[in-house]
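Structure at a glance
Each chain, written out:
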Amino acid sequence: MAEFFAALGENEYVTPKMIEQLQMILAPEQKLDPDDLVAIFSPPPEEELV
Amino acid sequence: MIKIESITMKEVRGLRDLTLHFGGESFVVSGPNGSGKSGVVDAIEFCLTGAISRLSGQGTAGITLQKHGPHVDRRDDPAAAEVTIELMLPSLDRTATITRNMKTPKVLKIVPDEPDIRAAIEEATSHPEVVLSRREIIKYVLAEAGTRSKEVQALLRLDRISQVRSALGTARNRAKTAVDRATQDTTNARDALKRHLEVEAASPENVLSSVNERRLVLNVPILEALTEHAQLDDGVTNAANASSFNKVSALRDIDAVKDWLRDEGTGERIEVLRLQEDIQAIEDDPGLLQLVRQGSFVEKGLEYVDSQFCPLCDTEWASVEALREHLEEKVKLTASAGEQRDRMKQDAVSLASSAGTVKSLLTPVISLARSESLKDAEGRLSSWSDSLSTLATELSSVESVLDQKVRLTQGWTGAYATVLEDLDALRGTVDSKPDQSATVNAQTFLTRAQDRFTEYRKARQVLGAARLGESASRVAYETYNEIAERSLTEMYESVEADFSAFYREINIDDETGFKAKLEQGSGKLDLSVDFYGLGMFPPGAYHSEGHQDGMGVCLYLALMKRLFGDSFSFAVLDDVVMSIDSGHRKQFCRLLTEQFPGTQFIITTHDRIWARQMRSEGLIGPKASVEFQGWSVQSGPIVEEVAEVWDRISEDLAKNDVPAAAARLRQHLEYVMRELADITAAPIPYRGDAGYDLGQLFSAVVSRQSSLLKKAAASANSWNLDSSMDDVKEMTEARNAALEKYGGEQWVVNKAVHYNEWATLSKSDFEPVVEAVKVLLAEFSCPNAACGSWLYPVPKSDPSVLRCDCGETNMNLRKK
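The structure displayed is predicted, hence computed values, not measured ones. (Residues numbered from 1 in each chain as written. Chains lettered and ligands numbered in written order. Predicted model: local features only at pLDDT ≥ 70, side-chain atom pairs only at ≥ 80, totals over all residues.)

1. Overview of the overall build of chain A
The number of helices and strands found in chain A is three helices and zero strands. When the helices and strands of chain A are read in sequence order from the N terminus, they spell out α-α-α. Counting over 50 residues, chain A shows a buried share of 20%. (Helix = DSSP H or I, 4+ residues; strand = E, 2+ residues; numbered from the N terminus. Buried ≥ 20, exposed ≤ 12 C-beta atoms within 10 Å, placed from the backbone.)

2. A word on the packing of helix 12 (residues 338–371) of chain B against helix 13 (residues 375–394) of chain B
Residues and elements named next belong to chain B. For the pair helix 12 and helix 13, interaxial distance at closest approach is 9 Å and the crossing angle is 160°. Taken as axis vectors, helix 12 and helix 13 run roughly antiparallel relative to one another. Considering the relative orientation of helix 12 and helix 13, their crossing is left-handed. Together, A352, A355, G356, V358, K359, L362, V365, I366, A369 and R370 of helix 12 and A377, E378, L381, S382, W384, S385, L388, S389, L391 and A392 of helix 13 make up the contact between the two elements. When the residues that make up the contact of helix 12 with helix 13 are grouped by side-chain class, the tally is 13 nonpolar, four polar and three charged. (Axes fitted to C-alpha atoms, helices over the stretch in contact; angles between N-to-C directions. Parallel < 35°, antiparallel > 145°, perpendicular 65-115°, else oblique. Left-handed = near helix turned anticlockwise from the far one by under 90°. Contact = placed C-beta atoms within 7 Å. Nonpolar A, V, L, I, M, F, W, Y, C, P; charged D, E, K, R; others polar.)

3. Focus: the interface of chain A and chain B
Taken together, the contact pairs 25 residues of chain A with 33 residues of chain B. Those elements giving two or more residues to the side of chain A that touches chain B turn out to be helix 1 (2–9), helix 2 (16–25) and helix 3 (34–40) of chain A. Classifying every residue of the side of chain A that touches chain B by side-chain character gives 19 nonpolar, two polar and four charged.

4. Some details on the pairing of strand 11 (residues 570–574) of chain B
Residue and element names in this part refer to chain B. Counting buried residues along strand 11, five of its five residues qualify, which places the element largely inside the surrounding structure. Residues F570, V572 and D574 line one face of strand 11 and the alternating positions A571 and L573 line the opposite face, and both faces are buried. Bridge analysis of strand 7 (residues 131–133) against strand 11 gives three bridges, and the strand direction is parallel. What sits directly across from S133, in strand 11, is D574. Judged from the five bridges that link them, strand 11 and strand 12 (residues 600–605) form a sheet pairing that is parallel. Bridge pairing links F570 to Q600 in strand 12. Note that the unit made of strand 11, helix 20 (residues 582–595) and strand 12 has a crossover that is right-handed. (Pairing = 2+ DSSP bridges. Right-handed = clockwise from strand over helix to strand, strands pointing away.)

5. With respect to the sheet that holds strand 15 (residues 792–794) of chain B
Residue and element names in this part refer to chain B. Spatially, 15-16-17 is the arrangement adopted by the three strands of the open sheet, whose pairing is antiparallel. Only two strands of the sheet have a single neighbouring strand rather than two, namely strand 15 and strand 17 (810–812). The average undirected angle you get between the axes of adjacent strands in this sheet is 25°. Of the strand pairs in this sheet, strand 15 and strand 16 (residues 801–803) are connected by three bridges, and their pairing is antiparallel. For P793, the partnering residue across the bridge sits in strand 16 and is L802. Those strands touched by helix 24 (residues 694–719) are strand 15, strand 16 and strand 17, and its axis lies near 65° from that of strand 17.

6. A short note on helix 6 (residues 159–197) of chain B
Compared with an ideal rise of 1.5 Å per residue, which puts 39 residues at 57 Å, helix 6 of chain B spans 57 Å between its outermost C-alpha atoms and is within 8% of the ideal. E198(B) lies just past helix 6 of chain B and shows a positive phi near 60°. (Expected span 1.5 Å × (residues − 1).)

7. What about the confidence of the model for chain B?
Put simply, chain B has an average pLDDT of 85, and 94% of its residues get 70 or more. For this predicted complex, the interface score ipTM comes out at 0.91, while the overall pTM is 0.62. (pLDDT = per-residue confidence, 0-100.)

8. Some points on helix 19 (residues 545–564) of chain B
With 20 residues, helix 19 of chain B extends 28 Å between its outermost C-alpha atoms, agreeing within 8% with the 28 Å of an ideal straight helix rising 1.5 Å per residue. Just beyond helix 19 of chain B, the residue with positive phi is G565(B), at close to 60°.

9. Concerning the nonpolar core
If you look at the biggest cluster of nonpolar residues, it comprises 84 residues, and the most contacted ones within it are I2(B), A43(B), I44(B), C554(B), L555(B), Y556(B) and V572(B). By size, the runner-up hydrophobic cluster in this structure holds 43 residues, among which are L168(B), A178(B), V207(B) and A459(B). (Core = buried A, V, L, I, M, F, W, Y, C linked by C-beta atoms within 7 Å.)

10. Description of the sheet that holds strand 8 (residues 516–521) of chain B
All names here are of chain B. If you trace the three strands from one edge of the open sheet to the other, you get 8-9-10, paired in antiparallel fashion. The two strands at the open ends of the sheet, each matched to only one other strand, are strand 8 and strand 10 (536–537). The pairing of strand 9 (residues 524–530) with strand 10 spans two bridges and is classified as antiparallel. Each residue of the ladder has a partner; that of V529, found in strand 10, is F537. Sitting on the sheet, helix 5 (residues 145–155) is in contact with strand 8 and strand 9, with an inclination near 105° to strand 9.

11. A word on the environment of L525(B)
Residues and elements named next belong to chain B. On the secondary structure map, L525 appears in strand 9. In the structure, L525 is positioned 378 residues away from T147 in sequence and 8.2 Å away in space, judged by C-alpha atoms. Excluding anything up to four places from it in sequence, L525 contacts A145, R148, S149, V152, L518 and Q520.

12. Observations regarding the packing of helix 22 (residues 645–654) of chain B against helix 23 (residues 658–679) of chain B
All names here are of chain B. Their axes nearest at 7 Å, the elements helix 22 and helix 23 cross at an angle of 160°. Compared by their axis directions, helix 22 and helix 23 come out roughly antiparallel. In terms of crossing hand, the pair formed by helix 22 and helix 23 is left-handed. Contacts from V645, R648, I649, D652 and L653 in helix 22 reach V658, A660, A661, R664, L665 and H668 in helix 23. Taken together, the residues of the contact of helix 22 with helix 23 break down into seven nonpolar, one polar and three charged.

And the structure:
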């Protein structure tokens, strides 16, 4: 998993916050719920220009 | 991991009350079929895991742990069945005792119950695979590729990989759906903004041009740029409190719906015509309908696969990959209807998009009807809007499109007959309002523009976030897959290399070129093996059963090595090499000794020769074994413990239990004489049923030893070796004295040992017998207590030496 998170860290689309949440959700002792992952990949909208 | 010092089993399976002392070393439990060996294996497994695999799985319907785990006499009293293991934790250099009771199999009592000890024990007890029976070998070697994949993945704790992969896949799919939805919402919001601003495109220039035209009317500063925080109605008097009603814009909103109805709502849409034709064609051909329905159904199921349980029928599959592969195959089977289904899907998506557009056009119009108190019209328009939402949902799958035939025929928009009248009435109401002054018009225009601009901006922000989420989820899914695939490949290559090396070691005589290939596919793990350089084949294709047994054990050991590494300290091998011949077993002993020197193996076998072979090859120590002579319901296994028989007899006599002591002595003598007859090649008439009585065995062994000592004396004499002659003489004299003593007690021996007539014996009658037998047997073994092995000729036939395991006794038998 360390290699996975390291690779994600180098990707422009994956934010540090996403990685932090993924690390918590994918921890070996955690029960896996796909909805938790869906939530990670639904970031809140941010302000932008037209 | 752990090592077992001792185990005490009470009322478990076929065992009544039995303690075995393993001493943390490898140990052999031997005995004929039905003598209770498997009870020991079950007890170990039960104490470690709280379950007995023999009582679960295929063919065990109606069998439960609590009912059938206890001894049959205690089947209604599971609390009586209990196993206690004294164990060592090498990683902590600590010892502990664990106890599990059949009444509460999930409760593991640990003494001392300290956090680090509990953690180490729980880690060890979470590995039921440390107990391997022959039938379980099959799942590693002869199983179908899908089953093997499942078993190996479970063994190596890889099922988490499938779960993570599946969860990431689900997240990616939902993120894609979110992007589609946000894209549609953005398009609708942009169209609403464009309509209000009367511009062709929502570019910053167009927006500023339209807005500034009204701002000039109000004499407020024009906006120079459409910045992040731009307010289109900035500076407008009472803008915050102003009504957003803008007559011109409201009329345009109503007209937009009317225009849409005229241009697209009533016209013949090609998508609708095609869908009608396709639905008709499907209805005319039940086979096609079946294929389309099935394909659509299975496709839907495929979307929801996130575990090895089928979302369509709840059937459990070997793995999530196997399930996916199965469903994908099913979808392919419907390929003949594929083109039609794809076209229908495309048309349905196009119509659903249009439905969304109309709905977004209706939203401001419904608000207008509400604000103008046209309740009936508002109700009808709202119902229409709801029906468009329903239609959009129904058009999301080909199967549900089939149910929309009537709607498509009668008018896909679902617009009610008087919709134009309602719109005209609403338009009339709005139009009848006095024209807004240029100032009010500009004010409300800008307020309305700001509302729609805000909605559009929000929609874009949601879309941007959805796209980011989709990109991130795709990257996470693809990256995880790539790394998982690479790691699995490396891992299987490592297992493959160990497996091949182990197997070559066992079959060093004839398969030195052996190699194996483990190839993972989607939910499968194919195993092919070399067959004498003639090609790679499935293990069951050409190799013998014995070779397959060997492969099973080797693959298991390779997997355990991979799983535990240096901490692989304990395993139970339950009759796993029964089909392997003597020569290969010898190599098997070497494999275990050399490759796994730190591992404690508890091995059961029905083969006494194999049990001895493990001792002579050094896999187990001279006293690390127990032989079950037989079994009865009342007493459980009849046990021959090499190490402790004399202590046990002393304990019996201390309790004045002569019958028990006599029975134990008889069993021991029978065991020893069989053993000695075998290793010394004592001449005894062959019996097909191997039912030799103690008298026959005893005479043959004594006679053979006498003959060997005579040979040794003759040899020493021929070589003129005084020291050797003295040794032989000393041994012969001691042996004769022991025999004489034994013969002197023969009357008791015959009664108590040979014929079980112990009822009349007293403790004082029997104690000399025990001593006589003990002294006599000592003459058949190495005088070095640390060695303790029997003396045996090598080779058995026409021997050249009489020796023991340690070499302290080594008498030449060949004359000069």
